[in-house]
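Observations on the model geometry
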Amino acid sequence: TIPKKISYITVIQLNMNINMSMSIKNNFLIVFLLISNFAFAQKSAIFMGATAHIGNGEKIKNSVISIKDGKIDLVADLSKIRIDPNAFDTIYKVYGKHIYPGFILTNTKLGLTEIDQVRATHDYREVGQINPNINTQIAFNVQSKIIETVRTNGVLLTQVTPQGGIISGQSSVMYLSGWNWEDATCKANDGIHLRWPSSYYNTGWWGDPGGREKNKKYYEKINSITEFLEKSYAYYKSNNNMDLKMESMKGVFDGTKSLYLHANYYNDIIDGVNSCKKFNIKKIVLVGGEDAHKAIAILKENEIPVILKRVHRLPKNQDSHIDEPYKQAKILSKNNITFAFSYAGDMEAMGSRNLPFTAGTAVAYGLDYEEAIKALTLSTAKILGIDDRLGSLENGKEATFFISEGDALDMTTNKIESILIKGKSVSTSNHQTELYEIYKDR
């Protein structure tokens, strides 16, 4: 009987103790190499004892998770099953620690910019107002030093999103690891980003909200959007000669791509959703949605999920409570609206490492903890269309998760000690930790 695992020491002992001819020895060596290669190819590992936050709103306090060939093979309560340690290549005892699915960052310039004040490092915006054919996938810079700092707080995937104009282009979902953009791609061109005009604008400066004035060009811009959607829909229904911009819009109408509607004020949300519905657009996702909690009815009626604007922000309206942004996630959760967190805004690329802590703030203001984890993982994966393989710790899904010594949503206890992406171990160091090691003893 061939054992599942055989050690190098065992082979030496067998060669020393068994009197065999050279030919037999050679045959034995060949068999040993085959066994070794077979065992290595399985790449099986088991993680025992951690609190597993599944991602679907549930958790297992004393969990056991096994992976094989880059996929999750088992998720169970360790106290209810028996494990044969000999069945695994590697055993990790992680008692007292926490395992989370990789957090997913949405609507970001991460990987498309390096230094905000250096224009040459920007690659997130094109000239013109309507650019549905532009995609961010090939512009993603895997070698960005910022990516490492974001990854070491538990964010392992990101939706890289173009900026500017009315129709900015197409986003792509990328892993925060890989040799190049092809290697890092999780899902290419997941959707088109439409930036709905704002019906009002603030007259204040920076921290001063000031007053609000109507946007006199609001309806003029809506007419431009409607006209383009009409042309795109007509192209979709016909067999016209190839038009790159119109061709890029096809997926919005046939349901293979989402339309990400960027809108904040209540009236803008209503106008945007109603305009999109006229063209039978199947997948609409509200992005920003500062007044999303006031538009519950239309969101529920049309099953529209929300990608929330950064939780750590001032309210847009002068009359709003100062903690309104902190409570918004709780309101959406209570009304069964699917939502995700983002970190869009000033210095969003480097600040994205704080994404877990913004979810922690929402927890402090009433959102259930496991629902916050779900909004960072499985709910986001559903919005992006990757939930069949990512977003939760479930059998058959990719082994893309991390282990933290403490609560990953708390800045004081988030300490990532292990990261796996597609079953492969990824470094937990970054440029900042390297500098720390260099200078700590000087």
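**Quick notes on the side chain of Thr158**
Turning to its location among the elements, Thr158 is positioned in strand E9 (residues 155-160). With sequence-adjacent residues up to four places away left out, Thr158 is seen in contact with Leu105, Thr108, Leu110, Phe140, Ser172, Val173, Met174 and Leu176.

**Examining the pairing of E9**
Counting buried positions along E9 yields six of six residues, so the element is predominantly enclosed. Examined bridge by bridge, strand E8 (residues 103-108) and E9 share four bridges and lie parallel to one another. Across the sheet, the residue bridging to Phe103 is Val155, located in E9. The pairing of E9 with strand E10 (residues 167-175) spans four bridges and is antiparallel. Paired with Thr158 across the bridge in E10 is Met174. Here E9 folds back onto E10, and the loop between the two strands holds six residues, one of which, Gly164, carries a positive phi near 80°.

**What to know about the sheet that holds strand E6 (residues 90-93)**
By definition, the strands of a sheet pair up through backbone hydrogen bonds, in either a parallel or an antiparallel sense. The mixed open sheet is built from four strands, whose spatial order is E5-E4-E1-E6. Only two strands of the sheet have a single neighbouring strand rather than two, namely strand E5 (71-77) and E6. Pairs of neighbouring strands in the sheet enclose a mean axial angle of 15°, with direction left out of account. Here strand E1 (residues 45-48) runs beside strand E4 (residues 63-68); their pairing, made up of four bridges, is antiparallel. Across the sheet, residue Met48 finds its bridge partner in E4, namely Val64.

**Describing the packing of aromatic side chains**
Considering all chains together, one arrives at 13 aromatic pairs under this definition. Look at Tyr100 and Phe402: their rings are 5.2 Å apart centre to centre, the planes differ by 15°, and that puts the pair in the stacked class. On the criterion of sequence distance, the pair formed by Tyr100 in strand E7 (residues 98-101) and Phe402 in strand E18 (residues 401-404) is long-range, its members being 302 residues apart. Of the two residues examined, Tyr100 and Phe402, each falls in the buried class.

**So, the environment of Pro162**
For Pro162, the location among the structural elements is in the loop between E9 and E10. Counting along the chain gives 28 residues from Pro162 to Ile134, while the straight-line C-alpha distance between them is 8.0 Å. In this structure Pro162 touches Tyr124, Thr136, Ser168, Gly169, Gln170, Ser171, His193 and Arg195, once residues within four positions along its chain are discounted.

**Quick word on the sheet that holds strand E11 (residues 185-195)**
What the eight strands build is an open sheet, ordered E8-E9-E10-E11-E14-E15-E16-E17; its pairing is mixed. The two strands at the open ends of the sheet, each matched to only one other strand, are E8 and strand E17 (339-340). Inspection of the sheet shows strand E14 (residues 258-263) paired to strand E15 (residues 284-288) by five bridges, in the parallel sense. Directly across from Tyr260, in E15, lies its bridge partner Val285. Of the strands in this sheet, E10, E11 and E14 touch helix H6 (residues 244-254), which is tilted by about 95° from E11. Seen against the sheet, helix H9 (residues 324-334) touches strand E16 (306-308) and E17 and runs at an angle of roughly 165° to E16.

**As for the packing of helix H11 (residues 355-364) against helix H12 (residues 369-376)**
Running from amino to carboxyl end, H11 crosses H12 at an angle of 145°, the nearest separation of the two axes being 9 Å. Here the hand of the crossing between H11 and H12 comes out right-handed. Here Leu355, Pro356, Ala359 and Val363 of H11 come into contact with H12, specifically with Tyr369, Ala372 and Leu376. Split into classes, the residues belonging to the contact of H11 with H12 amount to seven nonpolar, no polar and no charged.

**Considering the confidence of the model for the protein chain**
Per-residue pLDDT for the protein chain has a mean of 88; in total, 88% of the residues score no lower than 70. Contacts from residues 1-42, a stretch scored under 50 in pLDDT, to residues over four places away or in other chains number 20 contacts.

**Notes on a nonpolar patch on the surface**
On the surface, Leu435, Ile438 and Tyr439 cluster together to form a nonpolar patch covering roughly 320 Å² of accessible area. Mapped onto the fold, Ile438 is located in helix H14 (residues 431-439). For Ile438, a relative accessible area of 52% translates into the label exposed.

**A look at the nonpolar core**
Among the nonpolar cores identified, the biggest contains 90 residues, and Phe103, Leu194, Val306, Phe339 and Phe341 are the most heavily contacted of them. Take this core: its biggest share by element is six residues, from helix H5 (residues 218-237). Beyond its immediate stretch of four places on either side in the chain, Leu194 contacts Ile166, Ile167, Ile225, Leu259, Tyr260, Leu261, His262 and Cys276. Grouped together as the second largest cluster of nonpolar side chains are 17 residues, Ala45, Ala50, Val94 and Ile99 included.

**Concerning the side chain of Lys397**
The topology assignment puts Lys397 in the loop between helix H13 (378-384) and E18. One polar contact links Lys397 to Ser392, side chain to side chain, over a distance of 2.7 Å. Those residues in contact with Lys397, other than ones at most four positions away along the chain, are Gly70, Lys71, Ile72, Leu378, Asp387, Asp388, Arg389, Leu390 and Ser392.

**A look at the pattern of salt bridges**
Inspection of every chain in the model, using the stated rule, returns 10 salt bridges. Lys250 serves as the salt-bridge partner of Glu247, at 3.4 Å between the closest nitrogen and oxygen. In this pair, Glu247 and Lys250 both sit in helix H6, three residues apart, roughly one turn of the helix. We classify Lys250 as partly exposed; its relative accessible area is 27%. Among the charged side chains, a network of salt bridges with common partners joins Glu290, Lys309 and Arg313.

**Some details on the pairing of E14**
When you tally the buried positions in E14, you get six out of six residues, the bulk of the element. Burial along E14 is two-sided: the face carrying Ser258, Tyr260 and His262 and the face carrying Leu259, Leu261 and Ala263 are both buried. By the bridge criterion, five bridges tie E11 to E14 in an arrangement that is parallel. Its bridge partner lying in E14, Gly191 is registered against Ser258. Once you follow E14 into helix H7 (residues 266-277) and on to E15, the crossover reads as right-handed.

Cut-off values and rules
Residues numbered from 1 in each chain as written. Predicted model: local features only at pLDDT ≥ 70, side-chain atom pairs only at ≥ 80, totals over all residues. Heavy atoms only, no water. Helix = DSSP H or I, 4+ residues; strand = E, 2+ residues; numbered from the N terminus. Contact = heavy atoms within 4.5 Å. Buried < 20%, exposed > 50% of the residue type's maximum accessible area, 1.4 Å probe, protein only. Pairing = 2+ DSSP bridges. Axes fitted to C-alpha atoms, helices over the stretch in contact; angles between N-to-C directions. Phe/Tyr/Trp six-rings, centres within 6.5 Å; stacked < 30°, edge-to-face > 60°. Left-handed = near helix turned anticlockwise from the far one by under 90°. Nonpolar A, V, L, I, M, F, W, Y, C, P; charged D, E, K, R; others polar. pLDDT = per-residue confidence, 0-100. Patch = residues over 30% accessible without salt bridge, like charges linked within 9 Å, V, L, I, M, F, W, Y side chains within 5 Å. Areas by Shrake-Rupley, 256 points an atom, 1.4 Å probe, with all protein chains shown as cover. Salt bridge = Lys/Arg side-chain N within 4 Å of Asp/Glu carboxyl O. Core = buried A, V, L, I, M, F, W, Y, C linked by side-chain atoms within 4.5 Å. Polar contact = N/O pair within 3.5 Å; in protein donor to acceptor, adjacent residues only side chain to side chain. Right-handed = clockwise from strand over helix to strand, strands pointing away.

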